[in-house]
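# A structural walkthrough
The chain contents come next:
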Amino acid sequence: MEWLIGLACSAGIAGAAYVKRSLSGSGFLAAVILGTVMYALGSPIWFGSLIAFFISSTLLSKWKKHKKQEAESGYEKTGRRDAGQVLANGGLGLLICVANWAWPHPLWWYAFLGVMAAVTADTWATEIGGLSRKPPRSIKTGQRVPPGTSGGISGLGMGASLAGGLFIGGAAWLLLALPSQTAPDVITPPLRLVAWIGIAGLAGMIGSLVDSWIGATWQQMYRCGACGREIEQALHCGKPAVRIRGRAGWNNDAVNVAGSLAGGAFAVLLALAIGLSFDL
C-alpha cells in the first residue's frame, strides 16, 4: 500500500510540475521514482520534507522570473529541471532514507534533515538572492562580481539561505502532527522543535556556503567568445565557450551534491555535539 500511495502522490505532484513546465520529461520520471521510494521506505515525514523543498523551490523559481533572467542566462541549467537536477537535489536524501530503512538509527534522520536543509537553503539563496539590488561578492575574494556568478554571495541571499534551512526544520516538525506518525529520533518533544529548526537552519547555511565556495574554486567555468561573460555553459550566444577554470567533472549538479553532503555531515556532527540521546 505504501508503494501505491507514494506513486500516486509523487506522480500527482510531479505531473503538475511537468504541466507547468517546471520539470522536463526526464525530471518527471526521476521525481516520481525518488518520491515513491522515499515514501515507501521512509514515512510521510521524510517524503513531506522532500516535497516541502520541491514545492517551495519551484514556486520561488517562478517568482519575479523576468527580473532574474540576466543572472540566470549564464547558468548551466535553468527553467525545467531535468533528471540530473532532481537527483542532485534529492538523490543523497534518498540514499540516506534507504540506509535508515536497512539500518535504522536516529542519526540518519539528522543527516537527511541537513541534506534537505542544504539544498533548500542553496535554492532559496539563488532564487531570492538574484533579486538583490547590490551586486554579489565573491565568497573567495570578497570582490564585487556580476549577478549570477558562481560563488557570488549577497546579504539578501544569505538571509534567504538561513530562511530556507529554518523552513525545512519547521516543515518536518509540523509533519509530525499527521495521524499515526512516529518521530525518527528519541528526544523529548519540546527539545525536538528547537533541535530540528536550529540544526536545519545552521546546516542549510553551511551547505549553501560550501556550495558557493566550490562554485568559486572547483566548478567548471567558461568565457563566452561573443559577449565576454563568465558562464557555466560550454555553449553561449550560439557559439562554443572557452573553459577558463575549474576541475573536470565539477558541473553544477556535482557542486549541489557536495553542498548537500556538507549540510548533512554538519547536521550529524552538531546533533552529536549537543548529545541528542542517540543511545550510542
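For the structure itself, look to the data block above.
Quantities reported herein were computed from a predicted structural model and do not represent experimental measurements.

## Some points on the overall build of the protein
Looking only at helices and strands, one finds nine helices and seven strands in the protein. Whereas a compact globule of 280 residues would reach a radius of gyration of roughly 19 Å, the protein reaches 19 Å, a difference of no more than 12%. Viewed in the frame of its principal axes, the protein has a C-alpha envelope of about 60 × 40 × 35 Å. Within the protein, the fraction of its 280 residues that count as buried is 50%. By element, 67% of the accessible surface of the protein is carried by carbon and sulfur atoms, the whole surface being about 13000 Å².

## Some thoughts on a nonpolar patch on the surface
Taken together, the side chains of Met1, Leu4 and Ile5 present a nonpolar region at the surface, about 330 Å² in accessible area. When you line up the elements, leucine 4 lands in helix α1 (residues 2-19). Judged by its relative accessible area of 58%, leucine 4 is exposed.

## As for the nonpolar core
Judged by nonpolar contacts, the single largest core of 46 residues is most densely connected at Met38, Trp109, Tyr110, Leu113, Met116 and Trp196. At the level of secondary structure, the elements contributing two or more residues to this core comprise α1, α2 (25-41), α3 (44-62), α5 (83-102), α6 (106-129), α7 (155-175), α8 (189-217) and α9 (252-273). Counting residues per element, this core draws most heavily on α6, which supplies ten residues. Once you skip the residues sitting within four places of it in the chain, methionine 38 turns out to touch Ser43, Trp46, Phe47, Leu50, Gly93, Leu94, Cys97 and Phe112.

## Here we look at the sheet that holds strand β7 (residues 242-245)
Across the sheet, which stays open at both edges, the three strands sit in the order β4-β3-β7 with antiparallel pairing between neighbours. A single partner strand is all that each edge strand has here, and the edge strands are β4 (230-231) and β7. With three bridges joining them, strand β3 (residues 221-223) and β7 adopt antiparallel strand pairing. Across the sheet, the residue bridging to methionine 221 is arginine 245, located in β7.

## Details of the packing of aromatic side chains
Under the definition given, this model contains eight aromatic pairs. With centroids separated by 5.0 Å and ring planes inclined at 45°, the aromatic side chains of tryptophan 109 and tryptophan 196 adopt a geometry described as tilted. Note that tryptophan 109 is positioned in helix α6 and tryptophan 196 in helix α8, a separation of 87 residues in sequence. The class for tryptophan 196 is buried, based on a relative accessible area of 0%.

## Describing the environment of glycine 151
The topology assignment puts glycine 151 in the loop between β1 (137-138) and β2 (152-153). Using a relative accessible area of 9% as the deciding quantity, one classes glycine 151 as buried. Put simply, glycine 151 and glycine 201 are 50 residues apart on the chain and 20 Å apart in space, counted from C-alpha to C-alpha. Filtering out sequence-adjacent residues up to four positions away, glycine 151 remains in contact with Arg137, Ser138, Ile139, Ser212, Gly215 and Ala216.

## Considerations on the pattern of salt bridges
With the rule as written, the count across this model stands at one salt bridge. For arginine 192, the salt bridge identified is with aspartate 185, shortest N-O distance 2.8 Å. A residue is classified by how much of its surface remains accessible, and aspartate 185, at 5% relative accessible area, is buried.

Cut-offs applied
Residues numbered from 1 in each chain as written. Predicted model: local features only at pLDDT ≥ 70, side-chain atom pairs only at ≥ 80, totals over all residues. Heavy atoms only, no water. Helix = DSSP H or I, 4+ residues; strand = E, 2+ residues; numbered from the N terminus. Rg over C-alpha atoms; globule rule 2.2 N^0.38 Å. Buried < 20%, exposed > 50% of the residue type's maximum accessible area, 1.4 Å probe, protein only. Areas by Shrake-Rupley, 256 points an atom, 1.4 Å probe, with all protein chains shown as cover. Patch = residues over 30% accessible without salt bridge, like charges linked within 9 Å, V, L, I, M, F, W, Y side chains within 5 Å. Salt bridge = Lys/Arg side-chain N within 4 Å of Asp/Glu carboxyl O. Core = buried A, V, L, I, M, F, W, Y, C linked by side-chain atoms within 4.5 Å. Contact = heavy atoms within 4.5 Å. Pairing = 2+ DSSP bridges. Phe/Tyr/Trp six-rings, centres within 6.5 Å; stacked < 30°, edge-to-face > 60°.

That is the geometry; function is a separate question.
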